[in-house]
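Now for the letters of each chain:
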Amino acid sequence: MALRNIIQLGDPTLRKKSFEVTDFGEKTHQLLNDMKETLIKADGVGLAAPQVGVLRRVFIIKIEDLYYECINPIITKQSGKQTGTEGCLSVKGKWGEVTRPNKVTLKALDRNGKPYTVNAEGFLARAICHEYDHLDGIVYVDKASKVEED
Ligand code: CO
C-alpha cells in the first residue's frame, strides 16, 4: 500500500467527470488499498478517486467501524432533507453548511465487481452524497449556503 497525494480545489481534475470502472483486478484493488491508507492517514470520512487524481467512479467511506468501497455507484432513491456541516480533504481548513437528502439508497459494486445495496440515513447518507458528487466534478462548496475558514 502507498499513500496518494490528495489534490486541492483549483486543480482541474476535481472538476472532471469520472469514468466507469471495468477492471476489478489488481489495479483497482491497489487503488482501493491506497485510498484507504490515505483516508485513514488524513483522518477523513470519505475519499473519492478523483481526489487522488484518478478519474474513475470509485469512492470509499469510513465512519468508525463501518467501511464501504463503492464502485460505479448509483443513488437509486432519496428522501427527506438534512442540513449540516461538511468539510472535504480537497478543501483544507474550510467548512460549509450543506443541505442533503436525509435518506439514500445506493447501489454499487464491491472490489470484485459484486453488486450490493446500502440503505443509509443521517450522516452516512450525507457522506455518500458528498463522495458521489466528486465523481461528477462537484465539490461541496458549490452547494454550501456558507463556507467558513477554521
Ligand atoms: Co470531498
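Since this is a predicted model, take the numbers as computed values, not measurements. (Residues numbered from 1 in each chain as written. Predicted model: local features only at pLDDT ≥ 70, side-chain atom pairs only at ≥ 80, totals over all residues. Heavy atoms only, no water.)

A.B. asks: Got a minute to help me understand the packing of aromatic side chains in this structure?
C.D. replies: Two numbers describe a pair of aromatic rings. These are the distance of the centres and the angle of the planes. Enumeration according to the criterion identifies 0 aromatic pairs in this entry. The lysine or arginine in question, Lys-36, covers the ring of Tyr-67, its NZ or CZ lying 4.4 Å from the ring centre. (Phe/Tyr/Trp six-rings, centres within 6.5 Å; stacked < 30°, edge-to-face > 60°. Lys NZ or Arg CZ within 6 Å of the ring centre and 35° of its normal.)

A.B. asks: Is there a simple way to explain the coordination of the cobalt ion in this structure?
C.D. replies: Six octahedrally arranged donors around a metal ideally form angles of 90 or 180 degrees; four tetrahedrally arranged donors ideally form angles of 109.5 degrees. Each protein donor to the cobalt ion is listed here as Cys-88 (SG), His-130 (NE2) and His-134 (NE2); together their distances run 2.1 to 2.3 Å. Each donor residue of the cobalt ion lies on one chain, and together they are spaced C-x41-H-x3-H. Of this pair, Cys-88 sits in strand β4 (residues 82-88) while His-130 sits in helix α2 (residues 123-134), and the two are 42 residues apart along the sequence. (Donors = N, O, S within 2.8 Å, 3.2 Å for Na, K, Ca; no water. Helix = DSSP H or I, 4+ residues; strand = E, 2+ residues; numbered from the N terminus.)

A.B. asks: I'm lost on the pairing of strand β3 (residues 66-79) in this one. Help?
C.D. replies: Regular strands place side chains that alternate from one sheet face to the opposite one. The pairing of strand β2 (residues 58-63) with β3 spans 6 bridges and is classified as antiparallel. What sits directly across from Phe-59, in β3, is Cys-70. Looking at chain direction, β3 and strand β6 (residues 103-109) are connected through 6 bridges and run antiparallel. Opposite Lys-77, over in β6, you have Thr-105 as the bridge partner. (Pairing = 2+ DSSP bridges.)

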